[in-house]
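Descriptive structure summary
Here are the chains, one letter per residue:
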Amino acid sequence: MQDLPYMFAITLPQGIPSVFDDHIVRRLSSMRGQYADRQAYDAQLAQEDVLLYEVYEYHRPETPGELLHGISIVHPGKVGDEYFMTKGHFHAVLETAEIYYCLAGEGYMVMETPEGECSIAELRPGKVLYVPPCWAHRSVNTGAAADLVTFFVYPGHAGHDYGSIEKQGFRKLIVDQAGTPAFIDNPRWLPPQRRSQ
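What you are looking at is a predicted structure, and each value in this text was computed from that prediction instead of being measured.

1. Overview of the pattern of salt bridges
- Counting across every chain of the model gives 8 salt bridges.
- Its salt-bridge partner being Glu66, residue Arg60 comes within 3.0 Å of it at the nearest N-O pair.
- Assessed through its relative accessible area of 16%, Arg60 is described here as buried.
- Linking Glu166 and Lys87 is a salt bridge whose minimum nitrogen-to-oxygen distance equals 3.4 Å. Of this pair, Glu166 sits in helix H2 (residues 163–168) while Lys87 sits in the loop between strand E5 (82–83) and strand E6 (98–104); the two residues are 79 residues apart in sequence, bridging distant segments of the chain.

Pasting the structure below:
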């Protein structure tokens, strides 16, 4: 890791940065329990542990004052009617924000507070999304053939909390209805007052 100013290039539409330290790969097997159609998930996984998304990161200290950053690439595809998506997460330090800049492709960011307030933002090339503190977020690729490529930046000490989302997912799901993305309620989602019962 260098402590001098640095630059890197992002070649589109592939989106792979010219310099990176980590290449994180998430396959279908890492998303068990996250798709609503469990039968479609099991059938697809039995055929192939398909690649859903990749993350390219550059090492920086995970401390206040630093900005962690990288590229997220969500590939096109569906499990049943539900589009390929990232795991989604809160930040371990809940009161930290994140910025996404869409470089290529099309999709949505699904966001939610711990209290269940929900928001969905469209991602298109050139659009910048600010995800405020306390909002979980998940990228969804609704394109038929192209990757959804975003550049992200967040505070060095933010950390990730994937477990909260793994338990019940997000309040809203994005599914293909006659070739058009539709937002539907997640049947396994529970409001905060019912989660501890």
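2. Overview of unusual backbone geometry
- Omega for the peptide link from Leu12 to Pro13 comes to 10°, which places this bond in the cis form.
- The backbone phi angle of Cys134 is positive, close to 75°, even though this residue is not glycine.
- Phi at Ala178 takes a positive value of approximately 55°, unusual for a residue other than glycine.
- Looking at Ala178, the relative accessible area reads 85%, which means it is exposed.

3. Observations regarding the environment of Gly105
- By secondary structure assignment, the location of Gly105 is in the loop between E6 and strand E7 (107–112).
- Judged by its relative accessible area of 23%, Gly105 is partly exposed.
- If near-sequence neighbours (up to four positions away) are discounted, Gly105 is found in contact with Leu123, Arg124, Pro125, Asp147 and Leu148.

4. Brief notes about the nonpolar core
- If you look at the biggest cluster of nonpolar residues, it comprises 36 residues, and the most contacted ones within it are Leu28, Tyr35, Leu52, Phe84, Met111 and Leu129.
- Top contributing element to this core by residue count: E7, with 4 residues.
- Formed by 6 residues, the second largest nonpolar core is a distinct cluster that contains Tyr56, Ile73, Leu103 and Val149.

5. Points about the side chain of His89
- Along the chain, His89 falls in the loop between E5 and E6.
- The exposure class of His89 is buried, given its relative accessible area of 9%.
- Setting aside anything within four residues of it in sequence, one finds His89 in contact with Glu98, Tyr100, Trp135, Ala136, His137, His160, Asp161, Tyr162 and Ile165.

6. Quick notes on the packing of aromatic side chains
- Under the defined criterion, the tally for this structure stands at 6 aromatic pairs.
- Three or more aromatic residues joined by ring pairs form one cluster here, namely Tyr100, Phe152 and Tyr154.
- Against the face of Tyr162 rests Lys87, its NZ or CZ located 5.8 Å from the ring centre.

7. A closer look at the sheet that holds E7
- Here we have 3 strands laid out as an open sheet, ordered E8-E7-E10, and antiparallel in their pairing. Two strands in the sheet have a free side with no partner beyond their single neighbour: strand E8 (118–123) and strand E10 (136–141). Averaged over all pairs of adjacent strands, the angle between strand axes in this sheet comes to 20°, irrespective of strand direction.
- Two strands pair when backbone bridges link them, and E7 and E10 are joined in this way by 6 bridges, in the antiparallel orientation. In the sheet register, Gly107 faces E10, and the bridge partner there is Asn141.

The rules we used
- Residues numbered from 1 in each chain as written.
- Predicted model: local features only at pLDDT ≥ 70, side-chain atom pairs only at ≥ 80, totals over all residues.
- Heavy atoms only, no water.
- Salt bridge = Lys/Arg side-chain N within 4 Å of Asp/Glu carboxyl O.
- Buried < 20%, exposed > 50% of the residue type's maximum accessible area, 1.4 Å probe, protein only.
- Helix = DSSP H or I, 4+ residues; strand = E, 2+ residues; numbered from the N terminus.
- Contact = heavy atoms within 4.5 Å.
- Core = buried A, V, L, I, M, F, W, Y, C linked by side-chain atoms within 4.5 Å.
- Phe/Tyr/Trp six-rings, centres within 6.5 Å; stacked < 30°, edge-to-face > 60°.
- Lys NZ or Arg CZ within 6 Å of the ring centre and 35° of its normal.
- Pairing = 2+ DSSP bridges.
- Axes fitted to C-alpha atoms, helices over the stretch in contact; angles between N-to-C directions.

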